[in-house]
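# Remarks on the overall topology
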Amino acid sequence: MSKSKSIESLQQALSMELTACHQYQLHAAVMDDWGLDLLASRMREEMQEELGHSEKYLERILFLKGEPKMTLQKTPVRAQSLTDVFESDLADEKEAIEFYTKASQQAAADSDIGTRSLFESIVLDEEGHMAWLELQLDLIKRMGESAYIAKHMSSPTSG
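Values in this document were obtained by computation on a predicted structure and should not be read as measured data. (Residues numbered from 1 in each chain as written. Predicted model: local features only at pLDDT ≥ 70, side-chain atom pairs only at ≥ 80, totals over all residues. Heavy atoms only, no water.)

## Examining the packing of aromatic side chains
What counts is decided by this rule: Pairing of aromatic rings covers Phe, Tyr and Trp, the last through its six-membered ring, and needs centres within 6.5 Å; plane angles under 30 degrees mean stacked, over 60 mean edge-to-face, and all others mean tilted. Exposure is judged per residue with a 1.4 Å probe applied to protein chains only, and the accessible area is read against the type maximum: over 50% gives exposed, under 20% gives buried, and values in between give partly exposed. Charges are assigned to positions over rings by a cutoff of 6 Å between ring centre and Lys NZ or Arg CZ, combined with an angular limit of 35 degrees from the ring normal.
One pass over the full model with this rule turns up six aromatic pairs. Relative to tyrosine 100, the ring of phenylalanine 99 has its centre 6.0 Å away and its plane inclined at 65°; by these criteria the two rings are edge-to-face. Across this residue pair, the class does not change: phenylalanine 99 and tyrosine 100 are buried. Each residue in the set Tyr57, Phe99, Tyr100 and Phe119 is aromatic and connected to the rest through ring pairs, giving one cluster. Lying over the aromatic face of tryptophan 132, arginine 42 brings its terminal NZ or CZ to 4.1 Å of the ring centre.

## Concerning the UniProt feature "binding site: Fe cation 2" (unreviewed entry) in the protein
Quick note on the threshold: UniProt positions are given in the numbering used here, feature names are shortened, and annotations may be inferred rather than shown by experiment. Secondary structure counts use DSSP, requiring at least four H or I residues in a row for a helix and at least two E residues in a row for a strand, with both numbered from the N terminus. Any two residues having at least one pair of non-hydrogen atoms within 4.5 Å are treated as being in contact.
With numbering matched to this structure, UniProt assigns "binding site: Fe cation 2" (unreviewed entry) to Glu50, Glu93, Glu126 and His129. A maximum C-alpha distance of 10.9 Å places the annotated residues, which cover 80 residues in sequence, within one compact spot. Take glutamate 50: it is sitting in helix H2 (residues 37–63). Residue classification places glutamate 50 among the buried residues on the basis of a relative accessible area of 1%. If we skip the residues at most four places from it in the chain, glutamate 50 touches Glu17, Ala20, Cys21, Tyr24, Glu93, Glu126 and His129. Inspection of the secondary structure puts histidine 129 in helix H4 (residues 113–143). Among the residues examined, histidine 129 registers a relative accessible area of 4% and is labelled buried. Not counting residues within four places of it along the chain, the set of residues in contact with histidine 129 comprises Tyr24, Glu46, Glu49, Glu50, His53 and Glu93.

## Regarding H2
Note the following rule: Given a helix with a known number of residues, its expected span is that number minus one, times 1.5 Å.
For H2, spanning 27 residues, the distance from its first C-alpha to its last is 39 Å, which sits close to the expected 39 Å at 1.5 Å a residue. Listing the buried residues of H2 in full gives Leu39, Ala40, Met43, Glu46, Met47, Glu50, His53, Ser54, Tyr57, Leu58, Arg60 and Ile61. Buried residues along H2 sit against helix H1 (4–33), helix H3 (82–109), H4 and helix H5 (145–151). Count one or two residues on from H2 and you reach lysine 65, which has phi positive near 65°.

Right under this line is the structure:
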C-alpha cells in the first residue's frame, strides 16, 4: 500500500501550518506595535498551536518515510487593520479546514488511519480558531473598533 498521497497531503499541510505560524508571529508583532498587547499574546498562543500542528505533520511525514520540506505555502502579509487581521486569518482557517477534511477522506480511502486521524484532530483545532475569529469580527461590528481595542489592551501603568 502506497502512502504517496498521504505524504503529499501532509507536506502541503506542513507548508500551510508553517505559513500560519509565521503569519500569527507577524500579527503579534504588529499588535504589539499598535499597543494591543492582550491581542498580541493571543496571536502568540495561536502561533504556538500552529507550530505544534506543523510538528505533528513533520513527524508523520518522517514516520511514513517521506522527505519533509520546510517551506511556506505563501508569504505572510502585514494587515492594515484589526478587521483585516481577523478576515485574512479566517480565510486561511477555512482553507485549512477544507483541505484537511479532504486529506482525511483521501487517507481513509487509502487505509491510512494514522494520517486520517491526524487530519481529523487538527480540523477540530482549526474549527476552534475559526469560531474565535468569527466572534472577534462580530464583536468589532457590534462594539465598534474603538471599544473593541479598549478591551484588548492593558491599562497604562502610572508611575
